[in-house]
Amino acid sequence: PLLARIRGYCAPSRRRTLGLCVLGFIAFCVVVVFGIWTRACANDACSDVKGLASYTPDQASKIYAADGRLIGDFFKNQRRTVIALKEMSPAVPAAFIAVEDKRFWQHHGVDWVRFFGSIKQVLLLHGLSQGFSTITMQLAGNLFPEEINRQQRGIRGIPRKVREVRVARLIEKTFTKKEILELYLNQINLGNS
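Criteria and thresholds
- Residues numbered from 1 in each chain as written.
- Predicted model: local features only at pLDDT ≥ 70, side-chain atom pairs only at ≥ 80, totals over all residues.
- Heavy atoms only, no water.
- pLDDT = per-residue confidence, 0-100.
- Helix = DSSP H or I, 4+ residues; strand = E, 2+ residues; numbered from the N terminus.
- Phe/Tyr/Trp six-rings, centres within 6.5 Å; stacked < 30°, edge-to-face > 60°.
- Lys NZ or Arg CZ within 6 Å of the ring centre and 35° of its normal.
- Expected span 1.5 Å × (residues − 1).
- Polar contact = N/O pair within 3.5 Å; in protein donor to acceptor, adjacent residues only side chain to side chain.

**Here we look at the confidence of the model for the protein chain**
Argument step 1. Looking at the protein chain as a whole, its pLDDT mean stands at 79, while 78% of the residues score no less than 70.
Argument step 2. Mean pLDDT across the elements of the protein chain ranges from a minimum in helix α1 (residues 2-9), with 59, to a maximum in helix α3 (residues 91-100), with 92.

So, in structure tokens, the structure goes:
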């Protein structure tokens, strides 16, 4: 219907001009996106994810009594105990996937359905009411906070988001989904240090 209206109201020369303008705009957008994509990790702005295979986060020291009873935890900044995914209750990863990234098992680091949904939200509601960060993207931001400052928002946050996408794609190429989920659940901040 929209094309029929355009054909009905526009002379052939105007349609051709309109078509060229649309193609020019699309080409401009492709060039801008390509430029942002290639410059996002320039000057080593993106971290090397291969080192994550031997990643061991800081953990709390545990003091046990002679009878095996836990007396206390000692920690400096982070009170963490790393737990393998198979040792966790299946409800824990299922809950995080349900809330944070419903299509975690299907995408390759970026959920394009959520990406275009958030673009639609911005265009229709004139504000971002939902993000599109996947579990892998959140993991990238949490593991490399110096390179990917998750506090940057708006226009200033675009290069950060592109770096986050690139690192997430590298993580997805390097690790299995289960390894990513285990890293994520052991890395995220769950409050109380």
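So, next bit.
**Brief notes about the packing of aromatic side chains**
Argument step 1. Considering all chains together, one arrives at 6 aromatic pairs under this definition.
Argument step 2. Note on Phe 115 and Phe 116: the rings are 5.0 Å apart at their centroids and 75 degrees apart in plane angle, and the pair reads as edge-to-face.
Argument step 3. A centroid spacing of 5.0 Å and a plane angle of 80 degrees characterise the contact between Phe 115 and Phe 132, whose relative ring orientation is edge-to-face. Here Phe 115, found in helix α4 (residues 112-125), pairs with Phe 132, found in the loop between α4 and α5 (135-143); they are 17 residues apart in sequence, far enough to count as distant.
Argument step 4. Put simply, the rings of Trp 112, Phe 115, Phe 116 and Phe 132 pair up and form one aromatic cluster.
Argument step 5. In this structure, Lys 161 packs its charged tip against the face of Phe 132, placed 4.7 Å from the ring centre.
Argument step 6. Of note, Lys 177 hangs over the ring of Phe 104, and the distance from its end group to the ring centre comes to 4.4 Å.

**Points about α4**
Argument step 1. The terminal C-alpha atoms of α4, which comprises 14 residues, lie 19 Å apart, in line with the 20 Å expected from a rise of 1.5 Å per residue.
Argument step 2. Structurally, the start of α4 carries an N-cap: the backbone nitrogen of Val 113 is 3.2 Å from a side-chain oxygen of Asp 111.

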